[in-house]
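One-letter residues, chain by chain:
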Amino acid sequence: MTERSLAEIAGKMRDIDVCMMSTHTETGGIAGRPMSNNQDVDYDGSSFYFTLEDSDVVAEIERDANVSLAFKGDDNFWVAIEGEAEIIRDKAAFEEHWNEDIDEWFEEGTDTPGLAMIKVEARLAHYWDGEDEGEVILPS
């Protein structure tokens, strides 16, 4: 087994555009939905996702900030992230993490009414890379 660093995991994540974000529902269930990482993967433990403020995912995170992210690469690489989510409503922060591919979903860009951004701060990354597997604990 080869121990991987956070930088190595981030390098593998660069080509993975979509993850499955899981949150906790009001009734105690787990809800999953695909979310784009906006190609924002200079990964230091933080990742960013755009949504609308009135979406279920925002309500779920506001009730319980514990989330998980699951990524699958083309080369038999998988990573599961455990983290804490925060809802950001600051246009300057939106612009820092925006790219033109997101315009397909939010036609008015960072001026889209009701736009919100989810920041996930990772605590733990589990990875599987062929026969290698392990985890990286991120500093708090």
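Structural data are supplied above this passage.
Computed from a prediction, not measured in an experiment: that's the story for all the values here.

*Asks:* Help me out: how do you make sense of the environment of Arg89 in this one?
*Replies:* Tracing the chain through its elements places Arg89 in the loop between β5 (77–88) and α3 (91–97). Once residues lying within four places of it in the same chain are set aside, the contact partners of Arg89 are Glu53, Val58, Glu62 and Phe94. A distance of 2.3 Å separates the side chain of Arg89 from the side chain of Glu53, its partner in a polar contact. There is a polar contact of 2.6 Å between the side chain of Arg89 and the side chain of Glu62.

*Asks:* I keep staring at helix α1 (residues 6–13) and nothing clicks. Help me out?
*Replies:* Residue pairs spaced three or four apart in an α-helix point in one direction, given the helix's 3.6 residues per turn. Residues of α1 that are buried include every one of Leu6, Ile9, Ala10 and Met13, and no others. For α1, the buried positions fall inside an angular range of 100° around the axis, keeping them on one side. The inward-facing, buried residues of α1 contact β4 (66–72), β5, β6 (115–129) and β7 (132–137).

*Asks:* Could you clarify how one ought to interpret the pattern of salt bridges in this entry?
*Replies:* Where charged atoms from two side chains of opposite charge approach closely, those side chains can pair. This model, assessed by the stated rule, comprises seven salt bridges. The salt bridge partner of Arg33 is Glu60, with a shortest N-O separation of 2.9 Å. Of the two residues, Arg33 sits in strand β2 (residues 30–36) while Glu60 sits in helix α2 (residues 56–63), which places them 27 residues apart along the sequence. The pair formed by Arg33 and Glu60 is uniform in burial state, with each residue classed as buried. With a closest N to O distance of 2.6 Å, Arg89 and Glu62 form a salt bridge. Here Glu62 lies in helix α2 and Arg89 lies in the loop between β5 and α3, a separation of 27 residues in the sequence.

What counts, and at which threshold
- Residues numbered from 1 in each chain as written.
- Predicted model: local features only at pLDDT ≥ 70, side-chain atom pairs only at ≥ 80, totals over all residues.
- Heavy atoms only, no water.
- Helix = DSSP H or I, 4+ residues; strand = E, 2+ residues; numbered from the N terminus.
- Contact = heavy atoms within 4.5 Å.
- Polar contact = N/O pair within 3.5 Å; in protein donor to acceptor, adjacent residues only side chain to side chain.
- Buried < 20%, exposed > 50% of the residue type's maximum accessible area, 1.4 Å probe, protein only.
- Arc of directions from axis to C-beta.
- Salt bridge = Lys/Arg side-chain N within 4 Å of Asp/Glu carboxyl O.

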